[in-house]
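Descriptive structure summary
Now for the letters of each chain:
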Amino acid sequence: MSIETIKEDLVELLAFYAELGVDCALSEEAVDWLNHGHAAPGDAIRQALVPAPNSRDRRTASHPGPVPERTRQGETRRSGGAATVRPERRPPAAAGAARSPLDPGVAAAGTLAARASNLEELRTALESFEGCALRATAKNMCFYRGAKSARLMVIGEAPGRDEDLVGRPFVGRAGQLLDRMLAAIGLNEESVHITNVVYWRPPGNRTPTLQETSSCRPFLERQTALVEPQFLLLLGGAAAKNVLEVSDGIMRLRGKWKQVSLGGRTLRALPTLHPAYLLRTPAAKRQAWQDLISLQRALLESS
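**Side note on the nonpolar core**
In terms of nonpolar packing, the biggest core is built from 60 residues, with L152, I155, Y199, W200, F219, L232 and V243 touching the most fellow members. For F219, the contacting residues outside a window of four places in its chain are A109, L112, A113, L122, A125, L126, F129 and Y199.

Laid out in structure tokens, this is it:
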């Protein structure tokens, strides 16, 4: 076995661990799985919900001829006399795809969310909700931070590692940049309401699946009704696609005001670039600043 092959195997192994949500070698607290009986972690949730629509299967197929080390569409690698075939990565289903009313997670979420008469009751309902598979792998539920009632509601994609540890959305580097962005147009945590389209961290910080966002959607709807915002600031493509129920990319959506019905209210929504993307691509801050100026103008004109 060549050194290059070993390197490729190690890279694939690390990628596999990342997809499972492994981000540290050891946890600070030991978990006694023997007290969980014969059920695997998250088994009850997996039985209640259908498989995620963008889950991938690994298949092994024999190939009579030589197989290339890698191809861009549907990767293959030699393994003795056979070739291990990795299926082509497909993008997640469009956020606007139909949500099945028969999905047990969505049905349970709608019932729990409708009973909440304030944000604290909604938080309690979320803490007892077991219809989203992300709960099984997350450390903490991240509900919101900021004002209980606000003219502006900021909606992102999902909690990350820092948020999962603290139990609050947007507290890491991206959250700190978001705070500076809001401060640049005269806003702060006391004047906005900040949340995500899902309330638990996806393993490995992957994009939430349609099933995961659908099971959280009734809570987001009720949360919006209780906060009573006039405007929504949608951070990144995943949040914009989910809230607006469209399939366009964020570069086509950003900076363009949209009308959206959420929580029984018709609101003005402005998609913009996610702060995490701005940290990776500082040159895009110019576009984000243009969006912020547009938001500031809308807030001033409506006051």
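**Let's talk about helix α8 (residues 236–244)**
Burial analysis of α8 places 7 of its 9 residues in the buried class, the great majority of the element. For α8, the full list of buried residues reads G236, G237, A239, A240, N242, V243 and L244. On the buried face of α8, the contacting elements are β5 (152–156), α7 (210–227), β7 (231–235), α9 (250–253), β8 (258–262) and β9 (265–272).

**Regarding helix α11 (residues 285–302)**
The end-to-end C-alpha separation of α11 is 26 Å, in line with the 26 Å expected for 18 residues at 1.5 Å each. Buried residues of α11: A288, D291, L292, S294, L295, A298 and L299, and no others. End-on, the buried residues of α11 take up no more than an arc of 160°, which puts them together on one face. Away from its buried face by more than 90 degrees, α11 exposes R286, L300 and E301. At its buried positions, α11 is contacted by β5, α6 (173–183), β7, β9 and α10 (275–280).

**Quick notes on the pairing of β8**
Of the pairings in the sheet, the one linking β8 to β9 comprises 5 bridges and is antiparallel in character. Each bridged residue has a counterpart across the sheet, and for V260 the counterpart in β9 is L267. The turn joining β8 and β9, which pair antiparallel and follow one another in sequence, is formed by 2 residues; a positive phi near 65° is taken by G263.

**Some points on unusual backbone geometry**
The residue F170 is not glycine, and still its phi comes out positive at about 55°. Among the secondary structure elements, F170 is positioned in the loop between α5 (161–166) and α6.

**A few points about the packing of aromatic side chains**
A full pass over the atoms with the stated rule returns 5 aromatic pairs. Between the aromatic rings of F143 and Y144, the centroid separation amounts to 5.1 Å while the plane-to-plane angle is 80°, which identifies the pairing as edge-to-face. With relative accessibility at 1%, the residue F143 sits in the buried group. Here Y144 falls in the buried class, since its relative accessible area comes to 10%. Ring geometry for Y199 and W200: centres 6.4 Å apart, planes at 85°, overall edge-to-face. Neither Y199 nor W200 differs from the other in exposure class; each is buried. Following the ring pairs from residue to residue traces out a cluster consisting of F143, Y144, Y199 and W200. The lysine or arginine in question, R268, covers the ring of W257, its NZ or CZ lying 4.3 Å from the ring centre.

Parameters and conventions
Residues numbered from 1 in each chain as written. Predicted model: local features only at pLDDT ≥ 70, side-chain atom pairs only at ≥ 80, totals over all residues. Heavy atoms only, no water. Core = buried A, V, L, I, M, F, W, Y, C linked by side-chain atoms within 4.5 Å. Buried < 20%, exposed > 50% of the residue type's maximum accessible area, 1.4 Å probe, protein only. Contact = heavy atoms within 4.5 Å. Helix = DSSP H or I, 4+ residues; strand = E, 2+ residues; numbered from the N terminus. Expected span 1.5 Å × (residues − 1). Arc of directions from axis to C-beta. Pairing = 2+ DSSP bridges. Phe/Tyr/Trp six-rings, centres within 6.5 Å; stacked < 30°, edge-to-face > 60°. Lys NZ or Arg CZ within 6 Å of the ring centre and 35° of its normal.

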